Amino acid sequence: MAKPEELSDVPSHWCSYVTVDDVDAVMKQIEALGGKICHPPIDIPDVGRFIHFIDPQGAGLAAITYAPTCGQGCEEEDKPSE
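Since the model is a prediction, treat every value here as computed from it, not as a measurement.

Colleague: I keep staring at the overall build of the protein chain and nothing clicks. Help me out?
Modeller: Of regular secondary structure, the protein chain possesses one helix and five strands. Looking at the protein chain as a whole, 20% of its 82 residues qualify as buried. Approximately 6,600 Å² of the protein chain is accessible, and the part contributed by carbon and sulfur atoms is 56%.

Spelled out as C-alpha cells, the structure:
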C-alpha cells in the first residue's frame, strides 16, 4: 500500500490504544504533563471516543473510551450455531 504524499516524511509506525474511563479527562492530564494532542477527541458512533497524542518523550499513543453499547447488538440469528 502506497503512503499518501502528505505523509511521506512520517516513518512507518504502530499505534497502540489504551482503554480509559474518560478520554476528555485524560486529554487534560496529557496536556498538563507536557504531552501533545494530535487532534481533539473524535466520536465513533456505537464504538466510543478517542484521541491520538504524543507523550513528552515523543512516543505516539491513543486513548479510547468505549461506548456502553460497543460490542452489543448481536442478534440471535447472527450468533454461531453450536
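Colleague: How do you make sense of the pattern of salt bridges when you look at a structure like this?
Modeller: Pairing between side chains becomes possible if they bear opposite charge and their charged atoms approach one another. Overall, the coordinates contain two salt bridges when judged by the stated rule. Notably, a salt bridge pairs R49 with D24, separated by 3.0 Å at the nearest N-O pair. Here R49, found in strand β4 (residues 48-54), pairs with D24, found in helix α1 (residues 23-32); they are 25 residues apart in sequence, far enough to count as distant. Between D43 and R49 there is a salt bridge, with its nearest N and O atoms 2.8 Å apart.

How each quantity is defined
- Within any chain, residue numbers begin from 1 and follow the written order of that chain's sequence.
- Note on the predicted model: pLDDT of at least 70 is required for a residue's local features to be given, and 80 or more for side-chain atom pairs to be given and counted; whole-chain, interface and lining totals, by contrast, use all residues.
- In computing side-chain values, all of the structure's heavy atoms are included and hydrogens and water are not.
- Secondary structure elements are taken from DSSP: a helix is a run of H or I of four residues or more, a strand is a run of E of two residues or more, and numbering for both begins at the N terminus.
- Relative accessibility under 20% of the residue-type maximum defines a buried residue, over 50% an exposed one, and the middle range a partly exposed one, all with a 1.4 Å probe and only protein chains included.
- Accessible areas in this description were obtained via Shrake-Rupley with a 1.4 Å probe; residue shielding takes into account the shown protein chains only.
- Every case where a carboxyl oxygen of Asp or Glu lies within 4 Å of a side-chain nitrogen of Lys or Arg is listed as a salt bridge.

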